[in-house]
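Observations on the three-dimensional arrangement
Each chain is listed here by its residues.
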Amino acid sequence: MSLEPMPEGWEVWNREREGRVILAFRPDVFDSRAFPAACMPTIYVTNRSQRRRPESSHVVTDTWTVRLFLEPEVDAAVEQHEDREAALTAARALAARFAAGEVDYRGAYQSPREEYLAKLDALTGTGD
């Protein structure tokens, strides 16, 4: 399954053969100067364990997870799929929804960072 063409603002950051895929949103903006690189919206596609223990990240599972991170520990969306192809299709669709401003990233925060969220609003066309 090809991820091309990628939705506006997204690029393939890393692609492992038959394994994990990482998509990054606007790395030109989230470059550690204006905003920390850790705040770059990122979609991970993986069949590795989702448990938050270091040794768990090496455990391969039968389930593929698509996870949109806004920054470490802040998930805006998590989906589960039975195979890699379905997960890649879902990742591309999630990237398109995010780029179109259809993902509620503000709802993912308990303590919003207004400057960062305002920039996401501007980049996704959801600002005033």
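For the structure, check the block above.
Below or above, wherever it landed, is the structure these notes cover.

About the thresholds
Residues numbered from 1 in each chain as written. Predicted model: local features only at pLDDT ≥ 70, side-chain atom pairs only at ≥ 80, totals over all residues. Heavy atoms only, no water. Helix = DSSP H or I, 4+ residues; strand = E, 2+ residues; numbered from the N terminus. Expected span 1.5 Å × (residues − 1). Buried < 20%, exposed > 50% of the residue type's maximum accessible area, 1.4 Å probe, protein only. Arc of directions from axis to C-beta. Polar contact = N/O pair within 3.5 Å; in protein donor to acceptor, adjacent residues only side chain to side chain. Core = buried A, V, L, I, M, F, W, Y, C linked by side-chain atoms within 4.5 Å. Contact = heavy atoms within 4.5 Å. Pairing = 2+ DSSP bridges. Salt bridge = Lys/Arg side-chain N within 4 Å of Asp/Glu carboxyl O. Patch = residues over 30% accessible without salt bridge, like charges linked within 9 Å, V, L, I, M, F, W, Y side chains within 5 Å. Areas by Shrake-Rupley, 256 points an atom, 1.4 Å probe, with all protein chains shown as cover. Lys, Arg positive; Asp, Glu negative; His and termini not counted. Charge placed at Lys NZ, Arg CZ, Asp CG, Glu CD. Phe/Tyr/Trp six-rings, centres within 6.5 Å; stacked < 30°, edge-to-face > 60°.

**Some thoughts on helix α1 (residues 84-99)**
For α1, which comprises 16 residues, the first-to-last C-alpha distance of 22 Å matches the rise-based estimate of 22 Å (1.5 Å per residue) to within 8%. Turning to α1, its buried residues number three or more, namely R84, A87, L88, A90, A91, L94, A95 and F98. In an axial view of α1, the angular spread of the buried residues amounts to 165°, which keeps them on one side of the axis. With a side-chain oxygen positioned 3.2 Å from the backbone nitrogen of E85, the residue opening α1 is D83. G101 sits one or two residues past α1 and shows a positive phi near 80°.

**Observations concerning helix α2 (residues 114-124)**
Every buried residue of α2 is accounted for by Y116, L117, L120, D121, L123 and T124. Two residues or fewer past α2, G125 is found with a positive phi of approximately 75°.

**Notes on the nonpolar core**
Ranked by size, the top nonpolar core spans 34 residues in total, and within it W10, F30, I43, V45, F98 and Y116 carry the most contacts. Listed by contribution, the elements that provide at least two residues to this core are β2 (21-25), β3 (42-48), β4 (60-71), β5 (74-81), α1 and α2. Among the elements that make up this core, the one with the highest residue count is α1 (7 residues). The residues touching F98, leaving out its near neighbours within four places in the chain, are W10, F25, P41, L68, L70, V103, Y105, L120 and T124.

**Describing the pairing of strand β1 (residues 10-15)**
As paired strands, β1 and β2 are joined by 5 bridges and run antiparallel to one another. Residue pairing in the sheet places W10 in a bridge with F25 of β2. If you look at the hairpin formed by β1 and β2, you'll find 5 residues sitting between the two strands, and E18 has a positive phi there, around 60°.

**Digging into the pattern of salt bridges**
What the rule picks out here adds up to 7 salt bridges. R26 is the partner of D28 in a salt bridge, and the nearest nitrogen-oxygen pair spans 2.9 Å. Linking R113 and E71 is a salt bridge whose minimum nitrogen-to-oxygen distance equals 3.3 Å. Here R113, found in the loop between α1 and α2, pairs with E71, found in strand β4; they are 42 residues apart in sequence, far enough to count as distant. What makes E71 buried here is its relative accessible area of 16%.

**Quick word on a negative patch on the surface**
Together, E18, E82, D83 and E85 make up a region of like negative charge exposed at the surface. Residue D83 is classed as partly exposed on the basis of its relative accessible area of 39%.

**Observations concerning the packing of aromatic side chains**
Inspection of the entire model under this criterion finds 7 aromatic pairs. The interplanar angle of 80° and the centroid separation of 5.6 Å between the aromatic rings of W10 and F98 together place this pair among those described as edge-to-face. Here W10, found in strand β1, pairs with F98, found in helix α1; they are 88 residues apart in sequence, far enough to count as distant. Comparing W10 with F98, the two get one shared label, buried. Ring centres of F98 and Y105 lie 5.7 Å apart, and the angle between their planes is 50°; this geometry places the pair in the tilted category. Here F98 and Y105 have matching classes, each one buried.

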